[in-house]
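If you want the building blocks of each chain, they are given just below.
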Amino acid sequence: VSAATSMAPSEDLLFRDGLGDRLLIRDAHGRPAHECLLIRPELSSVPAFEFALNERLWLVEKFDHPGFLTIRNIIRASGQLTSISLVHDLTGGTRLSDVLARAESGGGQPITAGATVFLLKEVLDALAELHRQSGDLAHGAIAPERIVLADGKVRIADYVLGPGIEQLRYTT
């Protein structure tokens, strides 16, 4: 392995869902640098999707709340014309989806009623503040994979996806 190869940034898949792949991006020294959601090409190939994401990012540019991860940028993935990457700070915690999976498999602590109420209160309070500060725009993709638990705090990721998802005009 050459020095150039071993010093290149790398990425680790954290999870995959219907929106894309959540990646942990490491710097050239192997340290976690940030996370990104590499949005599925089927979604990001819709021109209005990217426009809506960028418009939403502009609208919430000054939004700063401890219940949300800070979004840094929306970029085209290098060398991929149909892939958009939503870049934000490291989560530094455990995703609610992992906690639920461990509890369901018997490998983790059962989730108490008190913990459930705390979690719901934190998520709802944060979403209410997002709606208050950003003109009642919806999150659009709230899910256990996008809720992070760390040091007694709850943080929500990917809160700019709502307008982009609306542009896809899915019907049932």
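Note: the structure precedes this text.
From a predicted model like this one, the values you see are computed outputs, not experimental measurements.

1. Structural notes on the packing of helix α3 (residues 47–59) against helix α6 (residues 161–168)
Running from N to C, α3 and α6 cross one another at 155°; their axes reach a closest spacing of 7 Å. The pairing of α3 with α6 is recorded here as roughly antiparallel in orientation. When you trace α3 past α6, the crossing you get is right-handed. For the pair α3 and α6, the contacting residues are A48, F49, A52, L53 and R56 in the first and L161, P163, G164, I165, Q167 and L168 in the second. Tallied by class, the residues present in the contact of α3 with α6 amount to eight nonpolar, two polar and one charged.

2. Re the pattern of salt bridges
Close approach of charged atoms allows side chains of opposite charge to pair. Using the criterion set out here, one finds 12 salt bridges in the structure. A salt bridge links R95 to E35, with the nearest nitrogen and oxygen atoms 2.7 Å apart. With a gap of 60 residues between them, R95 in strand β6 (residues 94–95) and E35 in strand β3 (residues 32–39) connect regions that are remote in the sequence. Residues R95 and E35 agree in their burial class; the two are buried. A salt bridge links D158 to R146, with the shortest nitrogen-to-oxygen separation between them at 2.9 Å. Residue D158 is located in the loop between β8 (153–156) and α6, and its partner R146 is located in the loop between α5 (113–133) and β7 (147–150); the two are separated by 12 residues in the primary sequence. Through salt bridges that share partners, D17, R22, E35, R95, R146 and D158 make up one connected network.

Parameters and conventions
Residues numbered from 1 in each chain as written. Predicted model: local features only at pLDDT ≥ 70, side-chain atom pairs only at ≥ 80, totals over all residues. Heavy atoms only, no water. Axes fitted to C-alpha atoms, helices over the stretch in contact; angles between N-to-C directions. Helix = DSSP H or I, 4+ residues; strand = E, 2+ residues; numbered from the N terminus. Parallel < 35°, antiparallel > 145°, perpendicular 65-115°, else oblique. Left-handed = near helix turned anticlockwise from the far one by under 90°. Contact = heavy atoms within 4.5 Å. Nonpolar A, V, L, I, M, F, W, Y, C, P; charged D, E, K, R; others polar. Salt bridge = Lys/Arg side-chain N within 4 Å of Asp/Glu carboxyl O. Buried < 20%, exposed > 50% of the residue type's maximum accessible area, 1.4 Å probe, protein only.

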